[in-house]
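Here's the letter readout for the chains.
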Amino acid sequence: MTGRAVLLRGGRLIDPSQRLDETGDLLIENGTIAGIGRVGEVRRDGDALETIDCAGRVISPGFIDVHCHLREPGREEVETIATGARAAAAGGFTAVCAMPNTDPVTDNQAAVGFIISQARKANASRVYPIGAISIGEMGETLAEFGEMVAAGAVAVSDDGKPVASAQLMRTALEYARTFGIPVADHCEEPTLARDGVMNEGIISARLGLRGIPAEAEEIMAIRDILLARRTGGHIHLCHMSTKGSVELIRWGKERGINVTAEVCPHHLSLTEDAVEGYDTNAKMNPPLRTAEDVAALQQGVKDGTIDVIATDHAPHHYDEKEREFADAPNGIVGLETALAVNLTWLVKSGIVDLPLLVERMSCAPARLFRLPGGSLQRGAAADVTVFDPEVEWTVDASSFRSKGRNTPYAGMTLRGLVECTLVDGRVVYRRDR
Amino acid sequence: MPDRQSIVLDARAMDRTLRRMADEIVELNDGTDDLILVGIQRRGVQLAARIVSSINAREGVEVPTGALDITLYRDDLQTVGPRPVVGATDLPWALDGKAVIIVDDVLYTGRTIRAALDELADFGRPRRIALAVLIDRGGRELPIQPDVVGKTVEVGHNQRVDVLVSELDEKDAVIIAERQ
Amino acid sequence: MSVGPLGKDLLGLEPLSADQIRLILDTAEPFKEISERTIKKVPTLRGKTIVNLFFEASTRTRVSFEFAQKRLSADTVNVAASGSSVSKGETLVDTARNLEAMRIDMVVIRHGASGAAQFLAERIESNVINAGDGTHEHPTQGLLDMLTLRDHFGKIEGLKVCICGDVLHSRVARSNIWGLKKLGADVAVCGPRSLLPNAIDAFGVTVFDRIEDAIQWADALNVLRLQLERMQRGYIPSLREYNRVFGVSRERLARAPRDVLILHPGPMNRGVEIDSDVADGPQSVILNQVTNGVAVRMAVLYLLSGGRPELAEAAKGGQR
């Protein structure tokens, strides 16, 4: 690592891993946190000290996104690991987990190794591969978890597709225990969700679009919570979108079942109303739901039923979204808007305070997926994000580092911007640079 | 509303004028044989009905009448756009070989009559078509002249001639008003 | 380009006001007469070019639009998806750009995807008329149904109209519901719950589970076509049972307290949703609907056409 040292001076240090929330300095040396304390207390002798003034800014452990789609290999015109890692850095994420639904599917050791090697070359935020549960995400044959973990996979998932077979999911949960990794679960009962393109409800009925009922998610959520109870495996429920799911997770946690859950910024901020006018940038799976669901999810984030906020960053080529709603692909980009969306809809509105947001975006993901980071304690990896929690800005998709432009937030004025992102003590993003 | 109005014809004068026009139409046609009166929507229709009853009183003959709405034959759809109300065209008579009298309230640019002639041509081939108007205000933009005129008035471009009929307007009158 | 009393496009009845719907119906009245003339043609849309862009086969609607256009003297081109570049994988947005480049005035679009008409309308300057988009709306069908009801009953307000059958997948049902409600009708639906939207309450309609109850209540039934694929996809067990439980039969109509008017948007599955003796019977106005279809479409074409404010200014003085 670099021998240079960096001093982040005079920021609001927020680190829920050590219940820290005070103004001070953070010193980084040799890629690790070397010192933390009140302003002026942290000293270092010698030269080559770069000082970054953090007055009015928050210094927090770097955000970790346990759920994104970087499209490489297979769709490099849409996103690459390098552009995805740079977009992550710009969004304050020091690490992201790449879902395996690439082409070919990340379902073996070599494919995992490829991602790690591409990530190293990208030299931006860290990228951790998630391996597939089943070969080719076909839902039939279990992939080689052991070899993938040995190559660097941090979890398994068939994300993008549900694991239709309860037996396969059971086996996956049992087998994953051996390696201590979570099974990240795309909850969707396939026959109920078939051909659905938005939330089933009033708006789908009016627009004549086939709906996906909340039950399509909830049935799979409870199935897999129950399978986690049976097996003792760690089920991590991805992109939860309904009030019912929150209640089911709460039910599972109350019984000590090893279930964790994530929610995406868009499900915490937007409702199915955004589909009005057939806006394909409001098309994602799971779909945007109702205001009641949004409120329940926000409450889940607050009370800990929901552990993690993850982006489900899903870039698409611009002309793929420029088509009839039913034919447009699911998903939106999220890495470069996640912080601002969360600050705008959760913090500004008073539902969640800043330390809790940092917990959900950094500490919890690190803990659940057993990743480095998520802490500013001395000796920890110096993955750090500095952000301005107050500044307002207008989303301009053309300025994204991601190749994807598909965002429903374009033109909206949001609050909060990343100033600086450090990975291993190295500045990988600096605003206005 | 216009700030100044002047009355060109009051109810009694209008009635006299229409009766004279009825006589002239019969004279023009050498009687009432093959005569059909076609009123242009809207007020031409009511004027045609008055003329028909006047002919009936004098000659004892019920002359057939029809109504023509020329909206769909206008030449200003491209510029002005669609008119909100399209009236009824009602021509239940075969026009071939007949003597058709077009009846309208005010003759101005001649464009309405041009449209009416086009529309009549789609209904058949009359022996002759003549034009009877209650008011000729001049200002023609097309080579169209009336055969029977109730009254000729001189008005400027910034003035409007309004024909009121009791069926639609609660009274009979012809007035000149300032254009807004 | 032109913006008339309906706006640039006709995409559905939900966005229209009651006054706009009344205007279309009122305008359609005098257009009926044109179809009765020897020379069934007026010069109104002379020089206008209209493309009928049909991504789904529909003889009935396309022919009706084509007659309406020809009777208004427009120049029309029919583009069927099967014979066009669309089948070669061209996207709708490319199709739209090509049409725009050919400087056409109007597009009538029929498409299998809900929202396709709006998609097109947002991307081209030409007027767009929705001739059916997926399961969203089919506004001219809704209008012609309303015109037929108004012809028969004299008014729409207070009329009890029940829409029967596959409301879930029906654009005709949606257009009828919005249009009728805006003009003050009482609207109900009747059909198997598996073919009604789960959120049917949001439409503000009464739901009848039994066709007998609907017939007791209604002044008119609008009987929807049952797509045969609904059975194949498992929404109902069989056509036979559908006819037994929901079919509109003479026996059922005979028990009604009044003569119930029968509408059907066509094409009919005789012996499934409607029995032949009902379709051909004295209470059926199914052919009046077809006749009114041309008049309504002429009215819509007329009301969407023309009108460029800058030229209107130059032509001030108007016609007299």
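Residues numbered from 1 in each chain as written. Chains lettered and ligands numbered in written order. Predicted model: local features only at pLDDT ≥ 70, side-chain atom pairs only at ≥ 80, totals over all residues. Heavy atoms only, no water.

This part takes up the overall build of chain B. Within chain B one finds five helices and eight strands. Its helices and strands taken in sequence order, chain B reads β-α-β-α-β-α-β-α-β-β-β-α-β from the N to the C terminus. Taking 2.2 N^0.38 as the reference for a compact globule, 180 residues should give roughly 16 Å; the C-alpha atoms of chain B span a radius of gyration of 16 Å, in line with that estimate. If one aligns the C-alpha atoms of chain B with their principal axes, the spans along those axes are about 45 × 40 × 30 Å. Within chain B, the fraction of its 180 residues that count as buried is 54%. Contacts spanning at least 24 positions in sequence make up 69% of the contacts within chain B whose residues lie at least 6 apart. (Helix = DSSP H or I, 4+ residues; strand = E, 2+ residues; numbered from the N terminus. Rg over C-alpha atoms; globule rule 2.2 N^0.38 Å. Buried < 20%, exposed > 50% of the residue type's maximum accessible area, 1.4 Å probe, protein only. Contact = heavy atoms within 4.5 Å.)

Among the nonpolar cores identified, the biggest contains 85 residues, and Phe-31, Leu-143 and Leu-149 of chain C are the most heavily contacted of them. Residue contributions to this core peak at 10 residues, all from helix 12 (residues 286–304) of chain C. Among all residues touching Leu-149 of chain C, those that are not within four sequence positions of it are Gly-154, Lys-155, Ile-156, Leu-159, Val-161, Leu-180, Ala-220, Leu-261 and Leu-263 of chain C. Grouped together as the second largest cluster of nonpolar side chains are 68 residues, Ala-124, Val-156, Leu-173 and Met-240 of chain A included. (Core = buried A, V, L, I, M, F, W, Y, C linked by side-chain atoms within 4.5 Å.)

Right, let's get into the packing of helix 1 (residues 18–34) of chain C against helix 5 (residues 139–153) of chain C. Residues and elements named next belong to chain C. The N-to-C vectors of helix 1 and helix 5 enclose an angle of 70 degrees; their axes lie 10 Å apart at closest approach. Considered as vectors, helix 1 and helix 5 are oriented roughly perpendicular to each other. For the pair formed by helix 1 and helix 5, the contact residues are Ile-21, Ile-24, Leu-25, Asp-26, Ala-28, Glu-29 and Lys-32 on the first element and Leu-143, Met-146, Leu-147, Arg-150 and Asp-151 on the second. Here the residues of the contact of helix 1 with helix 5 sort into seven nonpolar, no polar and five charged. (Axes fitted to C-alpha atoms, helices over the stretch in contact; angles between N-to-C directions. Parallel < 35°, antiparallel > 145°, perpendicular 65-115°, else oblique. Nonpolar A, V, L, I, M, F, W, Y, C, P; charged D, E, K, R; others polar.)

Moving on: the environment of Gly-10 of chain A. Residues and elements named next belong to chain A. Take Gly-10: it is sitting in strand 1 (residues 5–15). Given the relative accessible area of 18%, Gly-10 is considered buried. For Gly-10 and Ala-55, which are 45 residues apart along the polypeptide, the C-alpha to C-alpha distance reads 5.1 Å. Not counting residues up to four positions away in its chain, the partners in contact with Gly-10 are Thr-23, Gly-24, Asp-25, Val-39, Cys-54, Ala-55 and Gly-56.

This next bit is on the domain arrangement of chain A. Residue and element names in this part refer to chain A. If you check the domain split of chain A, you get domain 1 (5–59 + 380–430) and domain 2 (62–368). A straight line from the C-alpha centre of domain 1 to that of domain 2 covers 25 Å. Contacts between domain 1 and domain 2 engage 40 residues on the former and 47 residues on the latter. Note on domain 1 versus domain 2: buried area summed over both sides is about 3,300 Å², and carbon and sulfur give 65% of it. Looking at the side of domain 1 facing domain 2, the largest losses of area belong to Lys-403, Asn-406 and Tyr-409, adding up to 22% of the total buried there. Ionic pairing is found between Glu-392 and Lys-348, a salt bridge with its closest N-O pair at 3.8 Å. Remark: the boundary between domain 1 and domain 2 carries 17 residue pairs in polar contact (both at pLDDT 80 or more). No other element matches the eight residues that strand 17 (residues 413–423) contributes to the side of domain 1 that touches domain 2. For the side of domain 1 that touches domain 2, the class distribution of residues is 20 nonpolar, nine polar and 11 charged. (Domains from an automatic or database assignment. Buried area = accessible area lost by both parts, 1.4 Å probe. Salt bridge = Lys/Arg side-chain N within 4 Å of Asp/Glu carboxyl O. Polar contact = N/O pair within 3.5 Å; in protein donor to acceptor, adjacent residues only side chain to side chain.)

With that settled, consider the packing of aromatic side chains. Throughout the structure, instances matching the rule amount to nine aromatic pairs over all chains. Their ring planes at 55 degrees and their centres at 5.9 Å tell us that Trp-345 of chain A and Tyr-409 of chain A sit as a pair that is tilted. You can see Trp-345 of chain A sitting in helix 11 (residues 338–347) and its partner Tyr-409 of chain A sitting in the loop between strand 16 (384–394) and strand 17, a full 64 residues away along the chain. What makes Tyr-409 of chain A buried here is its relative accessible area of 1%. Ring pairs connect the aromatic residues Phe-63, Phe-93 and Phe-387 of chain A, which therefore count as one cluster. The ring of Phe-67 of chain C carries Arg-71 of chain C above its face, with NZ or CZ at 4.7 Å from the centroid. Taking NZ or CZ as reference, Arg-297 of chain C lies 4.9 Å from the ring centre of Phe-65 of chain C, over its face. (Phe/Tyr/Trp six-rings, centres within 6.5 Å; stacked < 30°, edge-to-face > 60°. Lys NZ or Arg CZ within 6 Å of the ring centre and 35° of its normal.)

Taken together, the 28 residues of chain C in the interface contact 32 residues of chain B. Roughly 2,400 Å² of surface becomes buried between chain C and chain B when both sides are summed, with 55% attributable to carbon and sulfur atoms. Linking chain C with chain B are one salt bridge, by the criterion used here. A salt bridge links Glu-119 of chain B to Arg-37 of chain C; the shortest N-O distance between them is 2.8 Å. Only helix 1, helix 12 and helix 13 (309–314) of chain C provide two or more residues apiece to the side of chain C that touches chain B. Per-class residue counts for the side of chain C that touches chain B are 15 nonpolar, seven polar and six charged.

Residues and elements named next belong to chain C. Put simply, helix 2 (residues 59–71) and helix 12 touch, their axes get as near as 8 Å, and they point 55 degrees apart. As judged from the angle between their axes, helix 2 and helix 12 are oblique. Taken as a pair, helix 2 and helix 12 cross one another with a handedness that is right-handed. Only Val-290, Gly-293, Val-294, Arg-297, Met-298 and Leu-301 of helix 12 make contact with helix 2, whose side of the interface consists of Arg-60, Thr-61, Ser-64, Phe-65, Phe-67, Ala-68, Gln-69 and Arg-71. (Left-handed = near helix turned anticlockwise from the far one by under 90°.)

Along an α-helix, residues three or four apart share an orientation, since each turn contains 3.6 residues. All names here are of chain A. Buried residues dominate helix 1 (residues 81–90), accounting for eight of its 10 residues. For helix 1, every residue scored as buried is listed here: Ile-81, Thr-83, Gly-84, Ala-85, Ala-87, Ala-88, Ala-89 and Ala-90. Taken together, the buried residues of helix 1 touch strand 7 (93–98), helix 2 (109–122), strand 8 (126–129), strand 17 and strand 18 (426–430). One or two positions beyond helix 1, positive phi appears at Gly-92, with a value near 90 degrees.

Note on strand geometry: in a regular strand, side chains alternate between the two faces of the sheet. Residues and elements named next belong to chain B. Summarising burial for strand 7 (residues 159–164): five of the six residues are buried, a large majority. Two elements, strand 7 and strand 8 (residues 173–178), share six bridges in a ladder whose sense is antiparallel. Bridge pairing in strand 8 links Asp-162 to Ile-175. (Pairing = 2+ DSSP bridges.)

Our focus in this paragraph is the pairing of strand 5 (residues 160–164) of chain C. Residue and element names in this part refer to chain C. For strand 5, the buried fraction is high: four of the five residues fall into the buried class. In this sheet, strand 6 (residues 186–190) lies alongside strand 5 in parallel orientation, the contact comprising five bridges. For Cys-164, the partnering residue across the bridge sits in strand 6 and is Cys-190. Sheet analysis places strand 5 next to strand 8 (residues 220–223), joined by four bridges and oriented parallel. Opposite Cys-162, over in strand 8, you have Leu-221 as the bridge partner.

So, on to the pattern of salt bridges. All names here are of chain A. With the rule as written, the count across this model stands at 58 salt bridges over all chains. Note that Arg-126 is salt-bridged to Asp-383, the shortest N-O span being 2.6 Å. Highlighted residues: Arg-126 in strand 8 and Asp-383 in the loop between helix 12 (354–368) and strand 16, separated in sequence by 257 residues. One exposure class covers both Arg-126 and Asp-383, and it is buried.

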